[in-house]
Amino acid sequence: MAGSGAVRQATAADTVAISRSLARAFEDDPVWQFLVTNPTHRLERCEVVFSTMLRVQHVAHGTCYTDPDRVGAAVWDPPGQWRMSPAQLLRGTIGFVRGFRSDLVRALRTLSVVERRHPRTPHYYLAILGTDPDHQGKGIGSALLGPVLADCDTEGMGAYLESSKESNIPFYRRHGFEVTGEIELPGGPMIWPMWRDPRPPSTM
């Protein structure tokens, strides 16, 4: 993958392949280990959860991007559309139950804690960014971020994310994000919220 020119908008037809790549990307993630506690079935259950999230909320927004081989994805929500609606939650009920199983209550509690810290200032929200471990280190993640970050700069719009790994913070800083605090999950790991102000196009 040479750069952002190879990135394309994800569609519903990409959901299965993208979900598989994201599940592999987050299999060792401390937050997803906390949310899906069974290590034997974590990969398949995370795949179900990601597929459900993409299907009921994210892909329809038209702000999700993947690469030609669908080994990575940047899952964005546009301004004012970051929160999953009651109707979307209802449509995703079966998938979330299948994915989280006995961890469902913990997952809903975690979502509530994180949502309370979500900024209300209009912004693009990077809900998920992941690349299959076999393809990391090739610039795919940076390329996947490119289209929406360009939109942020053109529109003068901020961007927001929560980093579930402290080691990922330098990567996001290179793209203009800065840590705005810490969110400690009840009985779980830390999350680092990060905000990016728009840049003048000439500085990109």
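You'll find the structure just up there.
Rules behind the numbers
- Residues numbered from 1 in each chain as written.
- Predicted model: local features only at pLDDT ≥ 70, side-chain atom pairs only at ≥ 80, totals over all residues.
- Heavy atoms only, no water.
- Core = buried A, V, L, I, M, F, W, Y, C linked by side-chain atoms within 4.5 Å.
- Buried < 20%, exposed > 50% of the residue type's maximum accessible area, 1.4 Å probe, protein only.
- Helix = DSSP H or I, 4+ residues; strand = E, 2+ residues; numbered from the N terminus.
- Salt bridge = Lys/Arg side-chain N within 4 Å of Asp/Glu carboxyl O.

J.: Quick one: what's the story with the nonpolar core, residue by residue and with numbers?
T.: Counting residues in each nonpolar core, the largest one holds 31 residues, and the members touching the most others are L22, W32, L35, F50, F100 and L185. Mapped onto this core, the elements with two or more residues apiece are α1 (15-25), α2 (30-35), α3 (42-58), β3 (72-77), α5 (93-100) and α6 (104-116). The element that contributes the greatest number of residues to this core is α3, accounting for 6 residues. Within the second largest apolar cluster, 24 residues are counted, among which are Y65, L145, C152 and Y172.

J.: Can you explain the pattern of salt bridges? Please cite residues and give values.
T.: Applying the stated criterion across every chain, the model contains 9 salt bridges. For E115, the salt bridge goes to R83, with nearest N and O atoms at 3.0 Å. Note that E115 is positioned in helix α6 and R83 in the loop between β3 and α4 (86-91), a separation of 32 residues in sequence. We classify E115 as buried; its relative accessible area is 17%. Through salt bridges with shared partners, one network takes in R8, D14 and R70.

J.: Tell me what's going on with unusual backbone geometry, and back it up with residues and numbers.
T.: Positive phi outside glycine occurs at R70, with the angle close to 55°. You can see R70 is positioned in the loop between β2 (64-66) and β3. The phi dihedral of R101 falls on the positive side, at around 50°, and the residue is not glycine. Relative to the helices and strands, R101 is located in the loop between α5 and α6. Residue class for R101 comes out partly exposed when judged on its relative accessible area of 47%.

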